[in-house]
Structure formats: C-alpha cells, structure tokens
Amino acid sequence: MTETTVTSLGPASAVTSTSVAEQVGDRIWTITSGVSPVQVGAFDPAGRTVDRKLSLPTGAGAWAMTHIGTDLYVGLYTPGDVYRIDTTTGTATKVARFGSFIWSIAATPDGKIVAGTYPDGTVHEYDPATGATKEYGAAIAGEQYVRSIAADATTIYAGVGTKAHLIAIDRATGERRDVLPAKYADRTFVATLTLEGTTLAAGLSPTGTMLLFDTADLSNPAEVQTPGGDQYVTAITIDAPTGDVYLGTRPSGTLYRYRDTTLTRLGSPYDGAYFNRIFVDGSAIRAELTSQVVDFDEASGTFTGTDLGQAGLPPAPEQAMAIAATATSVLVSGKAGVQIHDLATGTSTRTFLPGEAKTLTPVGRDVYLGVYTLARLWSMKPDGTALHELGQIGNEQTRPTDDAYDARSRTWLISTEPDYGKYDGTLTEQHLDTGVREVHRGVVPQQSVRSVATDEGIAYLGGATRNSLGTDPILPEATVVAFDLRRNRTLWEVAPLPGAQSYSDVLTYRGRLYATTDDGRLAVLDPRTGKVLATAVIGTAQSRLTVARAGLFGTDSQRVFQIVPSKTGAPTVKTVVDGLGAQIYSYPLITASPTGDALYTIKGRDLVRIQGLR
C-alpha cells in the first residue's frame, strides 16, 4: 500500500514588510509586520544600509511609532504592547500594554505617550516619567477603531472609524466633542492625523480627502481633494519651516505637495506605492514605503529606492494568505507579494504586488489574483511574470474572500466583503473571453459573500452574517445561495445549519454541494434544490476544501482530513495528516495539484506537499 508522505518545500512566503516609520536623529527606524519575531531596524540614508537591528519578544507587527528625544516608542498588535527603544544603546523595554491592537500612537509636548486601540476604540496615555497609565475610555460609543491620533498641550485628537469621527478630548477633564463637519459623516475613517504647531491635517477614507484644521478654531477646516480617484491618504507631513504639506495617496501611490492653496503632483515611485511616512529636510524629500526607502529628486521628478531587505532587514517567513498550484509551480501570497515555488528546481522567488492577494486561481496559462485593498483584479504567469491589473470591483468592496472558475462560460468568479462599516458583499463575474465585468451586490442578502463554488453555470455562495469589520449582523444566521450565471437570478436560498454565522467554504463533489461553517460543521446539500441531505461535525473551527484524485479533502489549519461520502447517511471524516499548526493569515489554506496526485498546505509557516493519498 502507498504510504502518505509529507514533504516540506521551505518557508511558504517570506517578506520584508513594514507599516510605519519614524526618524530619530539621522536614522529612519521601522519595524516588520506579519513575521515572528518582529524586527526593528534603523536605516542610514547616507550609507543606504540598515545598520542597527533588534528583535522584540512579543507582537506580530506594528502600525504605530513615535519618539521623545532619542527614545523610540512602538505600539504593537497581538498583543498591544508598548516598547521603549533607547536608540543610543539599541535596548528595548516593554513599558505598557493597551489591549490587543494598537493602531496609533503620538507624543505630547509635555513628554507623554497617547495611543488609540482596536477593537475597543479606546484612547490611552502612558507617562514615561512615572510609568503610570491612564485610560480616557472609548473615543465615541459604538466605534471600534481609533485609527489615528495626535496631541498638543491641552487636547488629544482621535481619528475614528468605521463611521468617521474626529474626537477632540480635553486632556485635563476628559470632555470630548466631535469636530468633524457633518458633511463628512458618510466617510469610513479619519485614518491619518498629523499635527504641526496649530495645523492639524486629517486624511479621510474612502475619498482621498485631506482636511486642514486650525486648532485655535476647529470649526472651518480647509478641504483638499486629491484627484484621479485615490481613496486613501496614507501619510501626511507638514514641513514646519515652510508650512508646506506633503501627502501620499493610494491606490495610485502618488506623492503630492500642498502649498498656498495649490495641490501639486510630485510623482509616484511605482503604481500602488504605500507611503508609510514622508520626511522633509530642507530640499531633501524622502519616504518610507512597504519594503523600501525612496528619495525624491524634484528637479528630475524621479525616485531612487533602496530595498530594505537588501539593505539589511532580510525577509522572514510570514503568515500566508492564499495558495494555488500549477503544473510548474506553487504560489503562496502574503504582504505585498506572491512567493513562486518552482517545482523543478525546489527554489522560490518573490513577485512584488501592490497589495495582498487574498485569492489565487490558475486558468490555462495564467493565474488570476483577487487583491486587497480595493478588491483589485490582477493576472500573471505561473512564474510570477507579466503581472497585469484587470480593474477594480468597486461597489464599496475591498476584500476578496474566495474565487472559482466556471469553465462553461469562461468566467472567473470572485466573492467579496465590503469596506469597513459597509453592508452587502458581492459576487463578481469577470468574463475572461470578453473582459466584461458583472458585479452582483447583495446576491446573498444582508451578508458578505464568504465563499464561492461553481458547476455547470451555477454559482454556489456561502454567506457571512458579519457584513464587514465594524458592523453588527442583521440576520441571525448565514445562508447559502445558488445563483444562475446565465440568467443572473437566484435559484434558491437556504440556511442549512441552525445558528451558523459564516460558511467558510462551499464546494461541489460528485453531485453534492458541501458547505462548511466557521464552527466546524458540515452540511451536504442537493445542488438542484438546496435540500439538506446530511450533516456532520468535522472539527471546531473554519475549514477549506479541495478535490484531489483520491477524493474530497480539507484542512482546519491543524490537520488535513478526508470527507468520505455516504449514500444513506452522514459522510465519514478521517484525519490524513495531523499536527500542522499552520500559522496563516485568516482562512485555512489547501489546494490540489492540477493532476490531483498531491495536496499542498501550510505546516507552521512552511509549504508542504502531501502525497500517497488513497
């Protein structure tokens, strides 16, 4: 008998990815995200090297960084630890913990640290002189994110989402007021804040708007609207000597300067560049991006970049996001790129991507990618070349959740979750033969669309009661929908398992539709009618399914299991491989080779191949 074997193919995805930066003296300090342990590095712009580096014992990454003198303060996520790093000695000390996720951090003029957290939407304060902490409570009731923060001698300014608010909190009394004008209440986030003197700059999502407030009178901010459909202002810097404002936007990845009521486009280092921080020193303009530091030459309008990985902050294994197998390669996506594992050589390379591929689907000689944010659609070759954007789904959608290919109609199907605080996901049909894109919003009523499968022109969709981050469920339980792609109409909708909040996967196999829930249950349905034919318990958590030559398989990130159908009762579930301990970002990952003779999944942070299935 053939014995099942598990072969490691090395780290599934390795990356140098950063989300924040701060300049202390002549060094730009940054920190990696999504890898463990997180690495803090100091970049020397003169030598173009990371010449100081240290690891932190906790945390998965950081979005928050500030400094007081030569002391750097970093706010982490999972958990929300605050570290003080003495940049003169390179030593790090944990000084506070503010919940599970610190989104924002700032220094006050009197030497304190303020921070904003998720999911409690709370404002905190830490006093380095005494070690004391203070909690100001939720910035505004009902909101989970303090995404940005700034402070002066008397006031803390908290940028809130998923329904945008700008809350001014009196540091002495704790009294607060919302100073965001009512006409901006339909925005999702005050996502970026910068304070210089009495000028407070705020970036609003998802319209790419910047507001400039005078803190002496917050009632009448000046509006600066970025052009070209950009949705995010990711970084703002106010040059104190001149009063010029520099800002970076997405998705175009453009650097602008606002001077004397005029917004001027300076340039873009590359399409989709994400500006974490902009630094201005006289005529020198520099920015820290996802994985590099760039210098801007205004005379020529060009950028010169230094890759942080090559400079001394090397890639490290990260939490994988999506997986796919072709005849020649296995692709694993992560932050800002896709790792291409060459099956012939056993080596891997990385293709840069301005975003995170949440789905990967091989079709013929191409691989199609559903990319977060902005639900962007891309294609490339299995070796990572010929990366090309097809467009965006729009319709307030940001996060692809699953996809499938309908060979009958040559249609790539993508399911999505809407933007923060928004409702109703979509099923998108990208017709590969004509390029036409059809977007069906609300096809799974009052839910996001979590999973999609297709068979003979019918799409099967698994819903999730939580529409998006920052929303409360409308329905008591999730549903599964059958949708006729040719006629664009729903054939049936059922709630097959009582109380299920999300269907983490749906898949057709041998004339049956299989649907798994986030709490480890399985429903077997008649795909023609939606009638429940059988149910089973397959575990305790979400799972994903795939079909191989030997049958129907799945994983819940701890084990790979096989589902063996029964003609008369519930299917049998048997463990094939155990002890995976997969460290993945969100959904479990599994796929079959094109010939069906092997499975690929994640063990720890490694890509593994499972063979000898029977």
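Up top you'll find the structure we're talking about.
Residues numbered from 1 in each chain as written. Predicted model: local features only at pLDDT ≥ 70, side-chain atom pairs only at ≥ 80, totals over all residues. Heavy atoms only, no water.

Enquirer: Honestly, the overall build of the protein in this entry has me stumped. Any pointers?
Expert: Tallying secondary structure elements over the protein gives one helix and 56 strands in all. Here the C-alpha radius of gyration of the protein, 25 Å, is about what a compact globule of 614 residues would show, namely 25 Å. Taken along its principal axes, the extent of the C-alpha atoms in the protein is 75 × 50 × 50 Å. Within the protein, contacts between residues separated by at least 24 positions form 45% of all contacts whose residues are at least 6 apart in sequence. (Helix = DSSP H or I, 4+ residues; strand = E, 2+ residues; numbered from the N terminus. Rg over C-alpha atoms; globule rule 2.2 N^0.38 Å. Contact = heavy atoms within 4.5 Å.)

Enquirer: I'm lost on the sheet that holds strand S37 (residues 388-392) in this one. Help?
Expert: In sheet architecture, strand pairing relies on hydrogen bonds along the backbone and comes in two forms, parallel and antiparallel. If you trace the six strands from one edge of the open sheet to the other, you get S32-S33-S34-S35-S36-S37, paired in antiparallel fashion. Each having just a single partner strand, strand S32 (322-325) and S37 make up the two edges of the open sheet. Along the sheet, successive strands turn relative to each other by an average axial angle of 45°, direction set aside. In terms of strand pairing, strand S34 (residues 348-363) meets strand S35 (residues 366-372) through seven bridges, oriented antiparallel. (Pairing = 2+ DSSP bridges. Axes fitted to C-alpha atoms, helices over the stretch in contact; angles between N-to-C directions.)

Enquirer: What is the right way to read the pattern of salt bridges from this model?
Expert: Pairs may arise between side chains of opposite charge once their charged atoms sit close together. Applying the stated criterion to the full structure yields 32 salt bridges. Here Arg 376 and Glu 389 are joined by a salt bridge, their closest N and O atoms 2.8 Å apart. Separated by 13 residues along the polypeptide, Arg 376 in strand S36 (residues 376-380) and Glu 389 in strand S37 bring together distant segments of the chain. The class of Glu 389 is partly exposed, set by a relative accessible area of 23%. The shortest N-O distance in the salt bridge between Asp 484 and Arg 487 comes to 3.0 Å. Salt bridges here are not isolated pairs; linked through shared partners, they connect Asp 110, Lys 112, Glu 125, Asp 127 and Arg 171. (Salt bridge = Lys/Arg side-chain N within 4 Å of Asp/Glu carboxyl O. Buried < 20%, exposed > 50% of the residue type's maximum accessible area, 1.4 Å probe, protein only.)

Enquirer: Mind showing me how you'd approach empty space enclosed by the protein here?
Expert: A water-sized probe rolled over the atoms picks out the places where empty space is left. Applying the stated criterion across every chain, the model contains one cavity of 30 Å³ or more. Considering only enclosed or pocket space, the largest cavity measures out at about 30 Å³ in volume. As for the largest cavity, its lining consists of Tyr 372, Thr 398, Arg 399, Glu 417, Pro 418, Asp 419, Tyr 420 and Leu 469. Of all the secondary structure elements, the ones that give two or more residues to the lining of the largest cavity are strand S38 (397-406) and strand S39 (411-418). A per-class count over the lining of the largest cavity returns four nonpolar, one polar and three charged. (1 Å grid on protein atoms, 1.4 Å probe; cavity = no way out; pocket = protein on both sides within 12 Å on 5 of 7 lines; lining within 4 Å. Points joined across faces, edges and corners; volume = space filled by probe spheres on them. Nonpolar A, V, L, I, M, F, W, Y, C, P; charged D, E, K, R; others polar.)

Enquirer: Can you help me understand the packing of aromatic side chains in this one?
Expert: Any two aromatic rings considered together are summarised by their centre-to-centre distance and by the angle between their planes. Summed over all chains, the structure comprises 16 aromatic pairs. Considering the side-chain rings of Tyr 77 and Phe 101, the 4.8 Å spacing of their centres and the 15° angle between planes classify their relative orientation as stacked. Within this pair, whereas Tyr 77 is found in strand S8 (residues 71-77), its partner Phe 101 is found in strand S11 (residues 101-107), the two being separated by 24 residues in sequence. Comparing Tyr 77 with Phe 101, the two get one shared label, buried. A connected cluster of aromatic rings, assembled from ring pairs, spans Trp 63, Tyr 77, Phe 101, Trp 103, Tyr 118, Tyr 145, Phe 189, Tyr 274 and Tyr 420. In this arrangement the basic side chain of Arg 147 is found over the ring face of Tyr 420, its NZ or CZ atom lying 5.5 Å from the centre. Against the face of Tyr 372 rests Arg 399, its NZ or CZ located 4.2 Å from the ring centre. (Phe/Tyr/Trp six-rings, centres within 6.5 Å; stacked < 30°, edge-to-face > 60°. Lys NZ or Arg CZ within 6 Å of the ring centre and 35° of its normal.)

Enquirer: Can you help me understand the layout of surface pockets in this one?
Expert: Roughly 1,200 Å³ of volume is contained in the second largest pocket. For the second largest pocket, the lining is made up of 45 residues, of which Thr 361, Asp 403, Ala 404, Thr 546 and Thr 591 are closest to its centre. Elements represented by at least two residues in the lining of the second largest pocket include exactly S32, S34, S38, strand S42 (448-455), strand S46 (503-509), strand S50 (544-548) and strand S54 (590-592). Ranked by residue count, the leading element in the lining of the second largest pocket is S38, at six residues. Among the residues making up the lining of the second largest pocket, the classes are represented as 24 nonpolar, 12 polar and nine charged.

Enquirer: When you look at the side chain of Thr 479 in this model, what are you seeing that I'm missing?
Expert: Along the chain, Thr 479 turns up in the loop between strand S43 (458-464) and strand S44 (480-484). Side chain to side chain, Thr 479 and Gln 447 meet in a polar contact 2.9 Å long. There is a polar contact of 2.8 Å between the side chain of Thr 479 and the side chain of Glu 493. (Polar contact = N/O pair within 3.5 Å; in protein donor to acceptor, adjacent residues only side chain to side chain.)

Enquirer: Even after reading the chapter, I still don't get the side chain of Thr 226, so can you show me in this structure?
Expert: Relative to the elements of secondary structure, Thr 226 occurs in the loop between strand S22 (217-225) and strand S23 (232-238). Side-chain polar atoms of Thr 226 contact the backbone oxygen of Gly 208, separated by 2.7 Å.

Enquirer: Please explain the sheet that holds strand S6 (residues 49-55) as it appears in this structure.
Expert: Read across the sheet, four strands follow the order S3-S4-S5-S6 without closing on themselves; strand pairing throughout is antiparallel. Edge positions in the sheet fall to strand S3 (18-24) and S6, since each of these pairs with one other strand and no more. Averaged over all neighbouring strand pairs, the angle between strand axes comes to 25°, with direction disregarded.

Enquirer: Quick question: what am I supposed to make of the environment of Phe 561 here?
Expert: With respect to the element layout, Phe 561 can be found in strand S52 (residues 559-564). Overall, the relative accessible area of 0% leaves Phe 561 in the buried class. Through-space distance from the C-alpha of Phe 561 to that of Gly 539 is 9.9 Å; in sequence the pair is 22 residues apart. Leave out the neighbours within four places in its chain, and Phe 561 touches Ile 538, Ser 543, Leu 545, Leu 552, Phe 553, Gly 554, Thr 555, Asp 556, Val 573, Lys 574, Thr 575 and Val 576.

Enquirer: Explain the pairing of strand S30 (residues 302-307) to me, please; I cannot follow it from the model alone.
Expert: Regular strands show a simple pattern: their side chains alternate between the two faces of the sheet. In this structure, strand S29 (residues 292-297) lies alongside S30, joined through six bridges in antiparallel fashion. Across the sheet, residue Phe 296 finds its bridge partner in S30, namely Phe 303. Linking S29 to S30, which pair antiparallel, is a turn of four residues; within it Gly 301 sits at a positive phi near 70°.

Enquirer: Even after reading the chapter, I still don't get the environment of Thr 398, so can you show me in this structure?
Expert: As for its position among the elements, Thr 398 is in strand S38. In this structure, Thr 398 is in contact with Tyr 232, Val 371, Tyr 372, Thr 373, Leu 374, Ala 375, Glu 417, Pro 418 and Asp 419, ignoring residues within four places of it in sequence.

Enquirer: Could you clarify how one ought to interpret unusual backbone geometry in this entry?
Expert: The omega torsion across Thr 78 and Pro 79 is 0°, close enough to zero to call that bond cis. You can see Pro 79 is positioned in the loop between S8 and strand S9 (81-86). Notably, Ala 386 is not glycine yet its phi reads approximately 60°, a positive angle. Here Ala 386 is to be found in the loop between S36 and S37.

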